[in-house]
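Residue-level listing of the chains:
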Amino acid sequence: MQLWQKVTVLSSLILFPFAASAVPVTDEVDIGGAVRVNYGWKDYDNNSKLEFELFRADVNYKSKDGLFASAQYRWYENMDVVHHAYMGYQFDEAQSVQVGVTQVPFGLLPYAAHSFWFGATYYLGFEDDYDAGIHYKNEQDGWRYDLAYFVNDEIGDGSNYDRYSFDAATTADSPYEEAGQINARIEREFTSGEVTHKLGGSLQYSQLDYIANAATVAGEDTNGLAAAAHWQLDWKQWQLQLQYIHYDYDIDNSERIALSAFQYPFEIAAEADVATVNVAKSVDVDWGPITNLNFYNDYSQVMASGPGLDDSIQNVTGVAITAGKFYSYVDWIAGKNMWFVDGAGVGIDNGDTSWHSRLNINVGFYF
């Protein structure tokens, strides 16, 4: 992120509380945030430790005239990033538009997982992804329609790896960056007895610019296409999520493309199918300050075939714990050939595609 962008965001977060005094009393301004610590144990190294994970600041605004805005900035141990930052207008009860760094409407929303580190779709850029553009949403009579155009990723620079969302990365072997994306999503919510269904489909068409001055390989501007079918079922305190994605980046002379987030670039299969099967059970309890336990198992598999490619699997078994303003995760993460669990990437084969696992405990205070 450029210095002027950091200054702009930080200034907004600092000055917004004082500007709120001039806002009419009928408007709403909410300022909050979170502090989190994390413990991780891995079966593939001896670097287990308890450490500061994040401090974040949130600002949300809503006016009686339909205007709204939302921003979140995050400070991690080794980087600071914009999570989202957008303004918008609510035309009526059904229709709204957002402009800025906003969530890409694709697949199960808001998340295709229940665990702290999400599923394979997150690491492929198809879950909890935020880009810079305009997003129109229409919700009425059980239907939801989303249409969005994104000019570029949230930074506009594929060589900057300090980011929260997973986006195309500019590397010497994969010199591309996001340069335009169209998303369309439709979802139908309906109830049958005690069961609520959310059934939908998503399409994504993206353009990628070839960055010649960063390249050691020949190439040209290209594109990518992704489609998803998704279904969420809620019954009493149970939830089932099913999703199937096919994506294809048209990369000349390569079966791979690079993505980046959290300061690191890595490679994924340029074409693959991705299956997600998640189940969760929420349990209300009265254990002192603890009021709810949400047990889950999130399974995702990336199916890739071709030279230098192999399947990747991630399975997370865990529980989320609610205690007042504290929200915590305890996750056992098992991965086969999976980037987050000692894999070289996602859907690729660099010679070691074995299983690895890690225990992750995250404790957060949300205010």
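Residues numbered from 1 in each chain as written. Predicted model: local features only at pLDDT ≥ 70, side-chain atom pairs only at ≥ 80, totals over all residues. Heavy atoms only, no water.

1. What about the nonpolar core?
- Membership of the largest hydrophobic core comes to 58 residues, with the highest contact counts inside it found for Y123, Y247 and V346.
- Beyond its immediate sequence surroundings of up to four residues, Y123 is in contact with W117, F166, L259, F266, I268, Q314, M338, W339, F340 and V346. (Core = buried A, V, L, I, M, F, W, Y, C linked by side-chain atoms within 4.5 Å. Buried < 20%, exposed > 50% of the residue type's maximum accessible area, 1.4 Å probe, protein only. Contact = heavy atoms within 4.5 Å.)

2. A look at the sheet that holds strand β13 (residues 256-261)
- In space, the 4 strands of this open sheet follow the order β8-β13-β14-β19, with mixed pairing throughout. Each edge of the open sheet is held by one strand with a lone partner, namely β8 (167-168) and β19 (345-346).
- Here β8 pairs with β13 via 2 bridges, running antiparallel. Residue pairing in the sheet places A168 in a bridge with L259 of β13. (Pairing = 2+ DSSP bridges. Helix = DSSP H or I, 4+ residues; strand = E, 2+ residues; numbered from the N terminus.)

3. Some remarks on the pairing of strand β5 (residues 95-103)
- Counting buried positions over the 9 residues of β5 gives 7, a clear majority of the element.
- Bridging between strand β4 (residues 80-90) and β5 involves 6 bridges; their strand directions are antiparallel. The partner of M87 across the bridge, within β5, is V99.
- Where β4 folds back on β5, the antiparallel hairpin that results is connected by 4 residues.
- Strand direction decides the pairing type here: β5 and strand β6 (residues 130-140), joined by 9 bridges, are antiparallel. Pairing of T102 across the sheet is with D131, part of β6.

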